[in-house]
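Architecture at a glance
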Amino acid sequence: MDKLRLVYEQTGRARWISHLDAMRTLQRGLNRADVPIKYSEGFNPHALISILMPLSVGTESLYQMADIRVREEVDLAGLPERLTLAMPEGFRFRDVYENGAKPTEMKWLRVRGVWEYDERNPEEMTELCRELFSRPVQVMRKTKRGEGLFTVTEHIRDLRFVPGEKAVTVEALLSCNEPMVNPDLLTAAVAQNAPEASPDGGHFCRLATFKADDTAFR
Amino acid sequence: MDKKLERILPRGQKPARYTGGEYGEIRKDLSGVELRMALCFPDVYEIGMSNTGMRILYRVINDMPGVWCERVFAPWFDMAEEMRKNALPLYALESGDPLSEFDAVGFSLGYEMAYTTVLEMLSLAGIPMHSRDRETLTPLVFAGGSVCCNPEPMAEYFDLMVVGEGEDVDREVLELLRSAKREGWTKKEFLSRAAKIGGIYVPSLYKPEYAPDGTLAGMTALDGAPETVTKRIMTDFENSCFPVDAMVPNTEIVHDRVGLELFRGCIRGCRFCQAGHIYRPVRNRSVEKLLQQGKEALSFSGYQEITLLSLSSSDYRGLNELCDGLMEYCEPRGIGLSLPSLRADNFSMDIMQRVQKVRKSGLTFAPEAGTQRLRDVINKNVTEEDLLRSCATAFRGGWNSVKLYFMLGLPTETDEDVLGIAELADRVVHCWRENAVNKARGLRVTVSTSCFVPKPHTPFQWEPQVSREEYLRRVTLLRENMKAKAVTYNWHDPETSFTEAVLSRGDRRIGALLEEIWRRGGYLESWSEGFALSRWTDSADKLGLDLTFYANRTRPLTELLPWDHINMGVKKRHFIREYEQAHRGCLSPDCRAACSACGANAFLPGGKCDG
């Protein structure tokens, strides 16, 4: 036993924890639960933990994954429950297992978002959104290589808008690997291309991940 | 979570500071809560969450049945602006409820530059700032912390102030407030009773009078309030609260580690040091207790680092034994032990080797002054020989970076003393050449100077601060004479030191100045982003206040001082004696070598300190 994959939820107030802080928080939780994490060798040893797909601040996830290296055999029975107890509010561990699939095999991410409209009619907003995304939509996005136009619709599948009370629910499968489509790009696309439908608030939640052949990634 | 807050959060930096929900956070069912307390820290989350006093009081108050204590920190500028724009009042992290709904709003005040932040926090909460404008019993707005040893500058804002250590007094105040609420007392009735609790200062019950020359002429206690308010301390420090289950933040804070409190007070009598005087007498915790607390805190928190807290950790008698015990636990778990505040005189190879086994941290010494003459004046019992011997040991042990801290503008300082700093730095470089085991890695000596701020309740409380121009002249003199390439020189700007000098020895008239500075935007003034000297000078001009009267004036020993009615345990007689010793250039022995009869031992049963 060397490598373990942790699957957990990060919701509620915990969605405001940044990627680096989530790493620290995970490390402390693992220490509290007496999981013997392996440390890197060298001058400044650090715990060997990597989060598969960092969560942007403000987004929730029902399916976060982190790989850790351990120094010795770990009893996996009851470990998710123990980890949940050792973590702050908003973290719930769903599973811990060996032999997780290679991160590069991850391709699709299912997300659900809520767009809030305080004054506007959600039915009308739903229509506007449907119409916008019925054709190719470009969005200005910033990457490490600079700013550029990105055709977001080429990397989205199964996009659905459902009107609700003072809100519209958005569901989609987004490419999460080459290229990585951040769900916030959908919100940006509306703001840039149909500002009249730009929501007053809201956020996204990750639901599940899939391989290129649509089988579950785990 | 409040919808307004959810929408604001993504717009500010580090939103995790504003959400609560940390591991170890205490939440209570409101149906069983009779009294709600907001424990406020007038600085940002990262600073406030690092404060040991906050951790202790959070636990102590939450241990009271029927009382729920929550935390409140100052929002950073971006967040404060958004909160105002969106009419979101300042709230407590645990419940998200606005401060105005609490029964007690208590501020932990550790430094003077936080005063205007208190005003802004009250304003953000929609609570009237002045005590006189809050007519109802609740919210009761009060403060505690080291700066309350001169309560006058903030006197008109707080209903009461806690003098000394808060563990017992806070509980007593809250119990009284609980009775007052149950029985429907007026605020006046409550305050008049609270003033009878030891360690409680009710500013509205004291009336200052001023002489034509602007000095204090008298301070009259009203309505049966005691003439002198004497601080309270935890006499049984061994068994006083240390929260091993303290909360662990979700975001990085300044002191992100377990801090083990070895002792309170200090055996040294450095004449500039306020903490060394106001926390007397010395009270130790046993090695056994500390080991137990350290292990429990590490295991609860999951932290990978532990440090030792005290005013002078190398004076802890059981330090070797403690370090060994901690290392035994830490080493196999990859936990680092770091030692702060080492004195150069008894720094041993032994301890250094123990500490560096896991992780190596920097080496810091504070000789404070450049020549032996001046070190004797300030009673810093460290010789150059001590310092160089410690450095030699460190260099032989493989260390290659040393930080040296000094003050400029100490009483009696001459240019010779200033140049002594450069010479001392050169000798450290020379010592490295002679002792370093691995010269290829080079040496880094960092010399830092700050401007001396005279503080109340110290032998230097009558001393003037040098002017900003004079401080900068000495900085230039030193900079021009700091020749070695391995030495980096940093100096602290004199502007905040000047304002700190005004506040630390200010009287009640400073209150209006603070309000004016706040109106002009003074907030989080210990951060460069929040501080502007022009705000201070413009405000002082408007109010006709002379700031140099407070900062740069030599006070005669006979002058009535604004904090003379506050007894922090050390007698004025002792300060006068030490002041005279300083001007004669004479050292005084530390408390272990000979008791100087400062008076602080009277606080302990049997009158024996350092037990």
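Here the structure is a predicted model, which means the values were calculated and not measured.

Definitions and limits used
- Residues numbered from 1 in each chain as written.
- Chains lettered and ligands numbered in written order.
- Predicted model: local features only at pLDDT ≥ 70, side-chain atom pairs only at ≥ 80, totals over all residues.
- Heavy atoms only, no water.
- Helix = DSSP H or I, 4+ residues; strand = E, 2+ residues; numbered from the N terminus.
- Rg over C-alpha atoms; globule rule 2.2 N^0.38 Å.
- Buried < 20%, exposed > 50% of the residue type's maximum accessible area, 1.4 Å probe, protein only.
- Contact = heavy atoms within 4.5 Å.
- Areas by Shrake-Rupley, 256 points an atom, 1.4 Å probe, with all protein chains shown as cover.
- Lys, Arg positive; Asp, Glu negative; His and termini not counted.
- Charge placed at Lys NZ, Arg CZ, Asp CG, Glu CD.
- Core = buried A, V, L, I, M, F, W, Y, C linked by side-chain atoms within 4.5 Å.
- Domains from an automatic or database assignment.
- Buried area = accessible area lost by both parts, 1.4 Å probe.
- Salt bridge = Lys/Arg side-chain N within 4 Å of Asp/Glu carboxyl O.
- Polar contact = N/O pair within 3.5 Å; in protein donor to acceptor, adjacent residues only side chain to side chain.
- Nonpolar A, V, L, I, M, F, W, Y, C, P; charged D, E, K, R; others polar.
- Phe/Tyr/Trp six-rings, centres within 6.5 Å; stacked < 30°, edge-to-face > 60°.
- Lys NZ or Arg CZ within 6 Å of the ring centre and 35° of its normal.
- pLDDT = per-residue confidence, 0-100.
- Axes fitted to C-alpha atoms, helices over the stretch in contact; angles between N-to-C directions.
- Parallel < 35°, antiparallel > 145°, perpendicular 65-115°, else oblique.
- Left-handed = near helix turned anticlockwise from the far one by under 90°.

Once that is clear, we can look at the overall build of chain B. Regarding its fold elements, chain B presents 20 helices and 19 strands. In terms of overall dimensions, chain B is globule-like: its C-alpha atoms have a radius of gyration of 24 Å, near the 25 Å expected for 611 residues. Oriented by its inertia axes, the alpha-carbon framework of chain B measures out at about 75 × 65 × 55 Å. Across the 611 residues of chain B, 62% fall into the buried class. Long-range contacts, defined as pairs at least 24 residues apart, comprise 77% of the intrachain contacts of chain B with a sequence gap of at least 6. Put simply, chain B shows about 22600 Å² of open surface, and 50% of that area lies on carbon and sulfur atoms.

On to the overall build of chain A, then. Broken down by element type, chain A carries 4 helices and 10 strands. The secondary structure elements of chain A, listed N-terminal to C-terminal, are β-α-β-β-α-β-β-α-β-β-β-β-α-β. Taking all 218 residues of chain A together, the buried fraction comes to 50%. Taking the intrachain contacts of chain A between residues at least 6 apart in sequence as the baseline, contacts between residues at least 24 apart amount to 73%. For chain A, the exposed area adds up to about 10600 Å²; of that, 48% sits on carbon and sulfur atoms. Of the side-chain charges in chain A, 30 are positive and 33 negative, and the distance between the mean point of each set is 5 Å.

Turning to the nonpolar core, a few remarks are in order. Residues Phe107, Leu160, Phe190 and Leu308 of chain B are the most contacted members of the largest nonpolar core, which totals 141 residues. Setting aside anything within four residues of it in sequence, one finds phenylalanine 190 of chain B in contact with Leu137, Leu140, Leu160, Val173, Leu176, Leu177, Ala180 and Trp185 of chain B.

Residue and element names in this part refer to chain B. Here chain B is partitioned into domain 1 (3-230) and domain 2 (235-361 + 569-611). Computed over C-alpha atoms, the centres of domain 1 and domain 2 are 28 Å apart. Taken together, the contacts link 25 residues of domain 1 with 24 residues of domain 2. The contact between domain 1 and domain 2 buries some 2200 Å² in all, and 63% of this surface belongs to carbon and sulfur atoms. It is Tyr23, Arg55 and Glu165 that lose the most area in domain 1 upon contact with domain 2, and together they represent 27% of the buried surface on that side. Where domain 1 touches domain 2, the interface holds 4 salt bridges. When the shortest N-O distance is used, the salt bridge between arginine 283 and glutamate 165 registers 2.8 Å. At the junction of domain 1 and domain 2, the tally comes to 9 residue pairs in polar contact (both at pLDDT 80 or more).

Residue and element names in this part refer to chain A. Relative to the helices and strands, valine 7 resides in strand 1 (residues 3-10). With 167 residues separating them along the chain, valine 7 and leucine 174 place their C-alpha atoms 20 Å apart. Contact partners of valine 7, with chain neighbours within four places excluded, come to Tyr63, Gln64, Met65, Arg92, Phe93, Arg94, Asp95 and Tyr97.

With that settled, the discussion passes to the interface of chain B and chain A. Listed by partner, the interface residues are 30 residues for chain B and 24 residues for chain A. Of all residues in chain B, Arg7, Tyr23 and Asn250 of chain B give up the largest surface area on contact with chain A, accounting jointly for 27% of the area buried on that side. For the pair chain B and chain A, the interface holds 7 salt bridges. Between arginine 13 of chain A and glutamate 25 of chain B there is a salt bridge; the shortest N-O distance is 3.0 Å. The tally of links between chain B and chain A comes to 16 residue pairs in polar contact (both at pLDDT 80 or more). Counting only elements with at least two residues in the side of chain B that touches chain A, the list comes to helix 1 (3-8) and helix 9 (287-301) of chain B. Across the side of chain B that touches chain A, the residue classes tally to 11 nonpolar, 9 polar and 10 charged.

Residue and element names in this part refer to chain B. Inspection of the secondary structure assignment puts glutamate 46 in helix 2 (residues 45-48). We classify glutamate 46 as buried; its relative accessible area is 9%. Only 3.1 Å separates the side chain of glutamate 46 from the side chain of arginine 17, close enough to count as a polar contact.

Before going further, it helps to examine the packing of aromatic side chains. Residue and element names in this part refer to chain B. Taken as a whole, this structure holds 17 aromatic pairs over all chains when the rule is applied. Ring centres 4.8 Å apart and planes at 75° place the aromatic pair tryptophan 76 and phenylalanine 77 in the edge-to-face group. Classification of tryptophan 76 as buried rests on a relative accessible area of 11%. A relative accessible area of 23% means that phenylalanine 77 is categorised as partly exposed. Summarising the aromatic geometry, the rings of phenylalanine 107 and phenylalanine 158 are spaced 6.1 Å apart at their centres and angled 50° between planes, so their arrangement reads as tilted. One end of the pair, phenylalanine 107, is in strand 3 (residues 104-108); the other, phenylalanine 158, is in the loop between strand 4 (140-144) and strand 5 (160-162), and 51 residues separate them in sequence. Of the two residues, phenylalanine 107 and phenylalanine 158, neither departs from the other in class, the shared state being buried. The lysine or arginine in question, arginine 71, covers the ring of tyrosine 58, its NZ or CZ lying 5.8 Å from the ring centre. Against the face of phenylalanine 237 rests arginine 285, its NZ or CZ located 4.0 Å from the ring centre.

Residue and element names in this part refer to chain A. Domain annotation of chain A identifies domain 1 (3-100) and domain 2 (105-211). Between the C-alpha centres of domain 1 and domain 2 the distance comes to 28 Å. Each side of the interface is counted separately: domain 1 has 14 residues, and domain 2 has 13 residues. Taking both sides of the interface into account, the surface hidden between domain 1 and domain 2 amounts to around 1100 Å²; carbon and sulfur atoms contribute 57%. Inspection of the domain 1/domain 2 interface yields 0 salt bridges. Counting across the domain 1 and domain 2 interface gives 7 residue pairs in polar contact (both at pLDDT 80 or more). Across the side of domain 1 that touches domain 2, the residue classes break down as 7 nonpolar, 5 polar and 2 charged.

Here we come to the confidence of the model for chain A. For chain A, the average pLDDT comes to 95, and 100% of its residues sit at 70 or higher. The secondary structure element of chain A with the lowest average pLDDT is strand 6 (residues 138-143) of chain A, at 90, and the one with the highest is strand 1 of chain A, at 98.

The next point concerns the packing of helix 14 (residues 415-435) of chain B against helix 15 (residues 468-481) of chain B. Residues and elements named next belong to chain B. Where helix 14 contacts helix 15, the axes come no closer than 9 Å and their chain directions differ by 40°. In terms of axis orientation, helix 14 runs oblique to helix 15. Read as a crossing pair, helix 14 and helix 15 show a hand that is right-handed. Facing Asp415, Val418, Leu419, Ile421 and Ala422 of helix 14, the residues of helix 15 in contact are Arg473, Arg474, Leu477, Leu478 and Asn481. Among the residues forming the contact of helix 14 with helix 15, the class breakdown is 6 nonpolar, 1 polar and 3 charged.

This part covers unusual backbone geometry. Residue and element names in this part refer to chain B. At the junction of threonine 138 and proline 139, the peptide bond is cis and its omega measures out at 0° in the coordinates. Of note, proline 139 is situated in the loop between helix 5 (115-125) and strand 4. Unusually for a residue other than glycine, aspartate 223 sits at a positive phi of about 55°. Despite not being glycine, glutamate 368 shows a phi value in the positive range, around 70°. For glutamate 368, the position within the fold is in strand 15 (residues 363-368).

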